[in-house]
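Observations on chain architecture
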2 protein chains.
Amino acid sequence: MADALDNLVIALQKLPGVGSKSASRMAYHLLQHDQAAAQQLAAALTQATDRMQHCQLCHTFTEQAICATCSDTQRDRSLLCVIESPADQAAMERTGVYRGLYFVLMGKLSPLSGIGPSDIGIERLLQRLDADHAHPVQELVIATSFTAEGEATAHVIGQLLKGRGIRVTRLSRGVPIGSELEYVDLGTIAHAFADRR
Amino acid sequence: MADALDNLVIALQKLPGVGSKSASRMAYHLLQHDQAAAQQLAAALTQATDRMQHCQLCHTFTEQAICATCSDTQRDRSLLCVIESPADQAAMERTGVYRGLYFVLMGKLSPLSGIGPSDIGIERLLQRLDADHAHPVQELVIATSFTAEGEATAHVIGQLLKGRGIRVTRLSRGVPIGSELEYVDLGTIAHAFADRR
């Protein structure tokens, strides 16, 4: 095997979830069947790394200083939803029920991987809360995942915001819509019972 | 979501086995955690599409006109092994028992996908057999996969070479080493019985 192909296989392995076998298969596929896709991907990678930056308010990826969501004057600026990633933001948007703004942490606390509060932008969140005096945030909806790490992140944020006069809420836990109780895990049922209404 | 990010997600979906969710995850990962990897991948893609070509003899990917294996004078030039892909060639090489040359089809017959003999280089294989008069090929080892498509490819090649005075062989089918008979599929056991020695 030649050098340029080896380099491509090594570079493809940097993608999350791609091991050496998948990387080889991708490299052979691109060279043999789809060189146009390879050139398109190279251009898209260069363009994205050159142009994408973090929104100064919500920290998501954007080509502008302030992203389209944060610039939208139709949105309720008193509501701020804290999520872990742009993918989670997209999921919230698809529900169509949320009309406030977002703050994207870009990660969650993970002490085992050495990811502490400063790595996931909790300080930027505090700055964000002070940023817009004309439209102060009145409620912070914490929508981090319901995993140990997501719960820890939610807890830390909740602690930091105590005494600021901001209402801090969390998405409700419970049985997913469409599930039969028999197949739902016991922890979820227990939480759904405790949070019954 | 902004344009450069959308473009990157679309381009990543051209990779085999990558859907829209994986592509988003890859794009966010590269932008957030590993911009160096994104730049490395862009450079590797450009370099590979610019430099890689097909070996004039065996048709594998190489940066030279003739690949390192075909140029190796230590190899037995009377033996030619036909495989489907460079990955299969790498597997054969790892066994360490084969010292002949290769011919890489770059695919297999697949009538349902519209892939016929000319698409997988069977004509190039015939030209290859006539290419080296100083060292004529005496045995052709067909090592295409033991799937319906691989078997059909092997059959077509076998038919085309009839009357050329070249011995045509196929890798033996049978029970894989280390398997318990109980867990081997019945077709394999039946073949292993028919080919017993």
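Model, not experiment: these values are computed from the prediction. (Residues numbered from 1 in each chain as written. Chains lettered and ligands numbered in written order. Predicted model: local features only at pLDDT ≥ 70, side-chain atom pairs only at ≥ 80, totals over all residues. Heavy atoms only, no water.)

Re the overall build of chain A
Secondary structure assignment for chain A yields 8 helices and 6 strands. In chain A, the succession of helices and strands from N to C terminus is α-α-α-β-β-α-β-α-β-α-β-α-β-α. Projected onto the principal axes, the alpha-carbon positions of chain A cover approximately 60 × 50 × 35 Å. Per-residue burial over chain A gives 42% buried out of 197 residues. As displayed, chain A has an accessible area near 10,600 Å², and 53% of this comes from carbon and sulfur atoms. Counting 18 positive and 21 negative side-chain charges, chain A places the centres of these two groups 4 Å from one another. (Helix = DSSP H or I, 4+ residues; strand = E, 2+ residues; numbered from the N terminus. Buried < 20%, exposed > 50% of the residue type's maximum accessible area, 1.4 Å probe, protein only. Areas by Shrake-Rupley, 256 points an atom, 1.4 Å probe, with all protein chains shown as cover. Lys, Arg positive; Asp, Glu negative; His and termini not counted. Charge placed at Lys NZ, Arg CZ, Asp CG, Glu CD.)

A word on the relation of the copies chain A and chain B
Overlaying chain A with chain B gives an RMSD of 0.1 Å, the required rotation being 180 degrees about an axis along which the chain moves by 0.0 Å. The operation mapping one copy onto its partner corresponds to a two-fold rotation axis. Measuring from the rotation axis to each C-alpha of chain A, the shortest distance belongs to A42 of chain A, at 2.0 Å. (Least-squares fit on C-alpha atoms with pLDDT ≥ 70 in both.)

Some points on the interface of chain A and chain B
At the interface, 42 residues of chain A touch 43 residues of chain B. Together, the buried faces of chain A and chain B total about 4,100 Å²; carbon and sulfur atoms form 71% of this surface. Its largest share of buried area at the contact with chain B, chain A owes to P16, L45 and F61 of chain A, together 14% of the area lost on that side. The tally of links from chain A across to chain B stands at 0 salt bridges. Taken together, chain A and chain B are joined by 10 residue pairs in polar contact (both at pLDDT 80 or more). Of all elements in the fold, only α1 (3-12), α2 (20-33), α3 (35-51), β2 (61-62) and α5 (86-95) of chain A reach the threshold of two or more residues within the side of chain A that touches chain B. The element contributing the most residues to the side of chain A that touches chain B is α3 of chain A, with 14 residues. For the side of chain A that touches chain B, the residue count by class is 26 nonpolar, 11 polar and 5 charged. (Contact = heavy atoms within 4.5 Å. Buried area = accessible area lost by both parts, 1.4 Å probe. Salt bridge = Lys/Arg side-chain N within 4 Å of Asp/Glu carboxyl O. Polar contact = N/O pair within 3.5 Å; in protein donor to acceptor, adjacent residues only side chain to side chain. Nonpolar A, V, L, I, M, F, W, Y, C, P; charged D, E, K, R; others polar.)

So, the pattern of salt bridges
Using the criterion set out here, one finds 14 salt bridges over all chains in the structure. A salt bridge links E151 of chain A to R173 of chain A; the nearest nitrogen and oxygen atoms lie 3.2 Å apart. Here E151 of chain A is found in helix α7 (residues 148-160), whereas its partner R173 of chain A is found in the loop between β6 (167-170) and α8 (186-194), with 22 residues between them in sequence. By relative accessible area, which is 26% here, E151 of chain A ends up partly exposed. The exposure class assigned to R173 of chain A is partly exposed, which follows from its relative accessible area of 31%. Among the ionic pairs, D72 of chain B bridges to R75 of chain B, the shortest N-O distance being 3.8 Å. Each of D72, R75 and E93 of chain A takes part in a single network of salt bridges with overlapping partners.

What about the confidence of the model for chain A?
Averaged over all residues, the pLDDT of chain A equals 87, while 99% of them reach at least 70. As scored by the predictor, the complex reaches a pTM of 0.77 and an ipTM of 0.79. (pLDDT = per-residue confidence, 0-100.)

Digging into the packing of aromatic side chains
Evaluated as defined, the whole model comprises 4 aromatic pairs over all chains. Where F61 of chain A meets Y28 of chain B, the ring centres are 6.2 Å apart and the plane angle is 10 degrees; that geometry is what we call stacked. Highlighted residues: F61 of chain A in strand β2 and Y28 of chain B in helix α2 (residues 20-33), drawn from two different chains. One exposure class covers both F61 of chain A and Y28 of chain B, and it is buried. The ring of F146 of chain A carries R170 of chain A above its face, with NZ or CZ at 4.2 Å from the centroid. (Phe/Tyr/Trp six-rings, centres within 6.5 Å; stacked < 30°, edge-to-face > 60°. Lys NZ or Arg CZ within 6 Å of the ring centre and 35° of its normal.)

Considerations on the sheet that holds strand β3 (residues 76-83) of chain A
Residue and element names in this part refer to chain A. Taken together, the 4 strands give an open sheet; going across it, the order is β4-β3-β5-β6, and neighbouring strands pair in parallel fashion. Looking at which strands have only one partner, the edges of the open sheet turn out to be β4 (100-104) and β6. Between one strand axis and the next, the sheet turns through 25 degrees on average, direction left out of account. Of the pairings in the sheet, the one linking β3 to β4 comprises 5 bridges and is parallel in character. Counted as the bridge partner of L80 is L101 from β4. Strands β3 and β4 of the sheet are contacted by α5, whose axis makes an angle of about 160 degrees with β4. (Pairing = 2+ DSSP bridges. Axes fitted to C-alpha atoms, helices over the stretch in contact; angles between N-to-C directions.)

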